[in-house]
Amino acid sequence: MSVDKAELCGSLLTWLQTFHVPSPCASPQDLSSGLAVAYVLNQIDPSWFNEAWLQGISEDPGPNWKLKVTSGLLIRGQTGEEMTRDGPARHMSWVMGRKRDRCLVSNLKMVLRSLVEYSQDVLAHPVSEEHLPDVSLIGEFSDPAELGKLLQLVLGCAISCEKKQDHIQRIMTLEESVQHVVMEAIQELMTKDTPDSLSPETYGNFDSQ
């Protein structure tokens, strides 16, 4: 039986916090930009997920981005009348929200692509398509189930890389209930057959999500 990904998300958020990255990672919303996950990957293998790669991840605009883009706004509406404050603020908030969502999804696509490449090229552990998260749902809605899939792939990298013993010890410091869920997720990754492992053509599908 597969691990419930929404439940897994909560346990892996607890695990992620042990890395003490500079970007918040206490809730699904914190991870929707991909930045915190990128910082964790940088700690897991800084030679592959290096500083140049990390700089390619856009900063999250943060919770005050709507206020910043609508402050003192003056625009002309479709009927030609000038609108200030509330009217254009709502419109521009929607427009900028969509742009922000696209930025976050772009970050997540980059993180996912790098995770798959690392798993295949470095760890020789091809990722099956059933383990691929829908990054659009993560970026736009902070979906816990899809985020659980993404974090499960991060976990797989951690417990298979050169420093895997360090990461296993880190897991052993967690509460027993969290350890249990994390170990189930590891077993699911390690025991799944991968007849549907990703082919090079699959990379193009990331951009269609």
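If you're wondering where the values come from, they're calculated on a predicted model, not measured in any experiment. (Residues numbered from 1 in each chain as written. Predicted model: local features only at pLDDT ≥ 70, side-chain atom pairs only at ≥ 80, totals over all residues. Heavy atoms only, no water.)

**Student:** Even after reading the chapter, I still don't get the overall build of the protein chain, so can you show me in this structure?
**Tutor:** Looking only at helices and strands, the protein chain has 11 helices and 2 strands in total. Within the protein chain, buried positions represent 47% of all 209 residues. Across the protein chain, contacts joining residues at least 24 apart in sequence account for 65% of those joining residues at least 6 apart. Element-wise, carbon and sulfur atoms account for 50% of the exposed surface of the protein chain, whose accessible area totals about 11,100 Å². (Helix = DSSP H or I, 4+ residues; strand = E, 2+ residues; numbered from the N terminus. Buried < 20%, exposed > 50% of the residue type's maximum accessible area, 1.4 Å probe, protein only. Contact = heavy atoms within 4.5 Å. Areas by Shrake-Rupley, 256 points an atom, 1.4 Å probe, with all protein chains shown as cover.)

**Student:** Looking at this structure, how should I read the packing of aromatic side chains?
**Tutor:** What describes a pair of aromatic rings is the distance from one ring centre to the other and the angle between the planes of the rings. Scanning all chains against the criterion turns up 4 aromatic pairs. Ring geometry for W15 against F19: centres 5.2 Å apart, planes inclined by 85°, an arrangement best described as edge-to-face. By the burial criterion, W15 is buried, and F19 matches it. By the ring-pair criterion, three or more aromatic residues cluster together here, those being W48, F49, W53 and Y118. For the cation-ring pair, R170 lies above F19, with the distance from its terminal atom to the ring centre recorded as 4.1 Å. (Phe/Tyr/Trp six-rings, centres within 6.5 Å; stacked < 30°, edge-to-face > 60°. Lys NZ or Arg CZ within 6 Å of the ring centre and 35° of its normal.)

**Student:** I'm lost on the pattern of salt bridges in this one. Help?
**Tutor:** Side chains that carry opposite charge are capable of pairing whenever their charged atoms lie near each other. Within this structure, the stated rule accounts for 1 salt bridge. Among the ionic pairs, E188 bridges to K5, the shortest N-O distance being 3.1 Å. In this pair, E188 sits in helix 10 (residues 176-191) while K5 sits in helix 1 (residues 5-16), placing the two residues 183 residues apart along the sequence. For the pair E188 and K5, a shared accessibility class is recorded, and that class is buried. (Salt bridge = Lys/Arg side-chain N within 4 Å of Asp/Glu carboxyl O.)

**Student:** Please clarify how helix 1 should be interpreted in this entry.
**Tutor:** Each α-helix turn comprises 3.6 residues. Residues three or four places apart therefore point the same way. Taking 1.5 Å of rise per residue, the 12 residues of helix 1 would be expected to cover 16 Å, and the 15 Å separating its terminal C-alpha atoms lies within 8% of that figure. Listed as buried for helix 1 are K5, L8, C9, S11, L12, L13, W15 and L16. If you follow the buried residues of helix 1, they end up packed against helix 2 (28-31), helix 3 (35-44), helix 8 (144-158), helix 9 (164-172) and helix 10. Between the side-chain oxygen of the N-cap and the backbone nitrogen of A6 there are 3.3 Å, and the N-cap of helix 1 in question is D4. (Expected span 1.5 Å × (residues − 1). Polar contact = N/O pair within 3.5 Å; in protein donor to acceptor, adjacent residues only side chain to side chain.)

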